[in-house]
Every structure is written in structure tokens, then in C-alpha cells.
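Residue-level listing of the chains:
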Amino acid sequence: MRVLVSGGAGYIGSHTVIQLIAAGHDVLIVDNFANAKPTVVNRLEAITGRHLPVQAFDLRDVDKTEHLFAHEQLDAVIHFAGFKAVGESVEKPLEYYENNLGTTFSLVRAMRRHGVAKLVFSSSATVYGTDQESATEDRPTSATNPYGWTKVMQEQILRDVAVADPTMRIALLRYFNPVGAHESGTIGEDPTGIPNNLMPFIAQVAVGRREKLRVFGDDYDTPDGTGVRDYIHVEDLAAGHVAALARLARTDDPISTWNLGTGTGTSVLELLHAFERAVGRELPYEVVERRAGDIATSYADPSRAQAELGWVAKKSIDDMCADQWRWQSQNPEGYPDA
Ligand code: NAD
Ligand code: UDP
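Our subject in this report is the structure included herewith. (Residues numbered from 1 in each chain as written. Chains lettered and ligands numbered in written order. Predicted model: local features only at pLDDT ≥ 70, side-chain atom pairs only at ≥ 80, totals over all residues. Heavy atoms only, no water.)

### Thoughts on helix H5 (residues 93-113)
1) Next: Look at H5: 30 Å from first C-alpha to last across 21 residues, which is about the 30 Å you get at 1.5 Å a residue.
2) Next: Those residues of H5 that are buried are in contact with strand S1 (2-6), helix H3 (62-71), strand S4 (76-79), helix H4 (86-91), strand S5 (118-124) and helix H6 (146-164).
3) Next: Residue glycine 115 follows H5 closely and has a positive phi angle near 70°. (Helix = DSSP H or I, 4+ residues; strand = E, 2+ residues; numbered from the N terminus. Expected span 1.5 Å × (residues − 1). Contact = heavy atoms within 4.5 Å.)

As C-alpha cells, then:
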């Protein structure tokens, strides 16, 4: 298939591009580089040995999106583009609603106008609200912050589109906590400023960019009192997109929802200790207050994806830490500007 990868220069998109090409697909990346550096593309070309077409524009631009669909033959869209920082979404709700919903409106309109039926959408475990323990796809959706609401709303919009046009083939993929990096160490997550998420923060402590990890609370109702999450290697996540695309080509369901997680929870301290094993030394931390809005425990029930996609996450926490550390130690400041 020829696949438009929206947000294909970002963290998850870039890893997915590599696996799409390995699976025999062609890709067209659209990214406005709001949260990515153009050097990602050179590295993707080095890994894949291919020239990768990239169009740099804002997908909210309806005219440019329409022009693209009018001039390119496309079979499917994987829609990663959007803003994703929970805390920032509380500060800038309008920007989050505008960008996340706007890109989806523009893309889906163009898809329908040009008869492109297959869409894989980046959703999140955040749509389970405060009920994320062994989450199954049939749980009611809700949210606790504007970012989460954008995902709940985009899912609802896509469900409504699928009712109105049953020829659509839409996959809602609910990711748990993506971490790790490509095994080459040349592409990975490159957060701007102070990382919000645990794994990139630990990696920056290990490389000396941050003094110590702050553990947000050790009085949760979990085995060691720290928060438990379902960390999934970004390579496994990328493979889930390839599997979902294959499934969309053979299903009769206009819309499907799949959790992408391992089904196993890991605590903050367990992840820290796994990272210490990867680095070969202890890392400094202190326990501080809980972070507002955090829940104790989140992990997937991934059995539907296993049954229907034939997909299962294969990589261990130690694999995730080893690959994250290779990326971070080879690129202590992230991607170069040019
Ligand atoms: P990312 O920020 O690395 O990638 C998103 C990409 O989209 C960036 O390259 C950015 O430049 C681009 N983009 C943003 N707005 C755009 C616009 N208007 N037009 C064109 N390009 C635009 O994020 P990621 O971690 O790769 O996440 C990808 C998707 O997965 C997002 O939708 C995110 O909400 C979702 N998701 C991520 C996580 C996670 O923890 N990383 C978890 C669950 C869901
Ligand atoms: N966390 C932490 N220190 C940090 C960042 C995160 O203790 O600097 C904890 C957080 O409280 C949660 C877990 O690590 O229990 C995962 O947080 P992250 O932000 O990575 O993912 P999310 O909470 O969005 O699932």
C-alpha cells in the first residue's frame, strides 16, 4: 500500500515508517515539524536505504491537504500528527483542541473526497480515564485533561464517520506507554525541554542532563507504592500499526478498536532499576509529592489485538532500557539541528 504517515517525523511515526517499508509498503510523510527535527528524515533514509518523500505543512490546512490527495495516489493513512503533552494541554486547551481535532477533520474530509478508506488512528490509554487497570476495549471512555478529551472526541468523530460511511475501514489504536528506540541508536524520542515522561527523564539523568529523578509519590496502592504503567517498546508499537493496516485490508468492520500494550505493569522504581542495569550504575532519585492527576495503575488487556491482529508485544523492559540508553548515550542532546 501507499501510506500517508501524518506526523511521520515524530517519535512513533518515525519508527513506524521503518517497519512499513520493511513490510513492503511505500510511505509519504506529512509533518510540519512542530515537534520534530528535519534531521530525523536523513536518519530514516540511512536506515531504510530509501529516499523518503516528505511534505512539510500543517495538516489543518484544508487546501494543502486537498491538493496533496488530488496529486498523490494513496491507499491508507496513519494519523500520528497532534500535540501530546498532558500538562501543556491544561495550559493551552484551545491549541490542543484546534490541532488535534483540526488535523483529523482535514485528513478525513480529504480521504472521503478521494475514496481513501483505510485509516489507522493514534489513540491512547488516556481514553480509559481513571479506570486503566487491565483495561479492555469495551470500557466507557472519558478523560481527565484536555489532551485526553481530544482523543475521546477524535475517537467519537471517527465512530460517527464510520456509521455515516460504512465503506470506511478505521482502526483506533489505544497505546499504553511507548518507550525505547530503534536498535541502531540513531532514532528515538527527543523531547523539547524538561521531559514530562518517566523513561526519557531517567535517560537524561543517566546521561548527565538532569541531576536526579523525582519519583512522584510512593504511597500508591501498588506493590512498592510507586505508579505502575504498561511500558511498550516503540518497535512493538510500530509492528502493531503494520498489523492493523493488514487487518483493515480484510475486515468488513468499518471501525475497530485495539489496545496496544504488553499486559504487564511496571512500577517507577522497577523501571529505574532496569535502566540502572542497562547503564551499569546506580542513578540518583528522590521521592516527592504525587503529580496532580496521576492514577496508581494502568495496564492493558491486549488479548483482542492478539486474537484479531495476530500481534503481541515481544520486547522486555530490559530491551526497552537497553535501546533507550543506546539512543540517549549516542545522542546526548537529541537530534542535531542540521
Ligand atoms: P510526536 O510529537 O513525536 O509526533 C507527532 C508529530 O506530529 C510531530 O513530528 C509533529 O511535528 C507532527 N505534527 C503535530 N501537529 C501537526 C500538524 N498540525 N500538521 C502536521 N504535523 C503535525 O508524538 P508521538 O509520541 O510520536 O505520538 C504520535 C501520536 O501518538 C500522537 O497523536 C500522540 O497523541 C499519540 N500517543 C502518544 C503516546 C506517547 O506516549 N508518545 C501515547 C499515546 C498516544
Ligand atoms: N513519573 C515520575 N517522575 C517523573 C515522570 C513520571 O515518578 O519525572 C511517574 C508518574 O507519576 C507515573 C509514571 O512515572 O506513575 C509514568 O509517568 P509518564 O508521565 O511517563 O506516563 P503517564 O503517567 O502519562 O502514563
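And the narrative resumes.
### Concerning the environment of arginine 109
1) Next: Tracing the backbone shows arginine 109 in helix H5.
2) Next: Sequence separation between arginine 109 and valine 62 is 47 residues; the distance between their C-alpha atoms is 8.6 Å.

### Examining the packing of aromatic side chains
1) Next: This structure, assessed with the given rule, holds four aromatic pairs.
2) Next: A ring pair is formed by tryptophan 327 and tyrosine 335, whose centres lie 4.9 Å apart and whose planes are at 50°; its orientation type is tilted. Both residues of the pair, tryptophan 327 and tyrosine 335, belong to the buried class.
3) Next: Sitting above the plane of the tyrosine 220 ring, arginine 290 keeps its charged end 4.0 Å from the centroid. (Phe/Tyr/Trp six-rings, centres within 6.5 Å; stacked < 30°, edge-to-face > 60°. Buried < 20%, exposed > 50% of the residue type's maximum accessible area, 1.4 Å probe, protein only. Lys NZ or Arg CZ within 6 Å of the ring centre and 35° of its normal.)

### Some remarks on the site of ligand 1
1) Next: Around ligand 1, the surrounding shell holds 27 residues, and the nearest of these are Asp31, Asn35, Lys84, Asn99 and Tyr147.
2) Next: Between a nitrogen atom of ligand 1 and a side-chain N or O atom of aspartate 58, the distance comes to 2.8 Å.
3) Next: At 2.7 Å from an oxygen atom of ligand 1 is found a side-chain nitrogen or oxygen belonging to tyrosine 147.
4) Next: Protein contact buries 95% of the 820 Å² of open area that ligand 1 shows by itself. (Near = heavy atom within 4 Å. Polar contact = N/O pair within 3.5 Å; in protein donor to acceptor, adjacent residues only side chain to side chain. Areas by Shrake-Rupley, 256 points an atom, 1.4 Å probe, with all protein chains shown as cover.)

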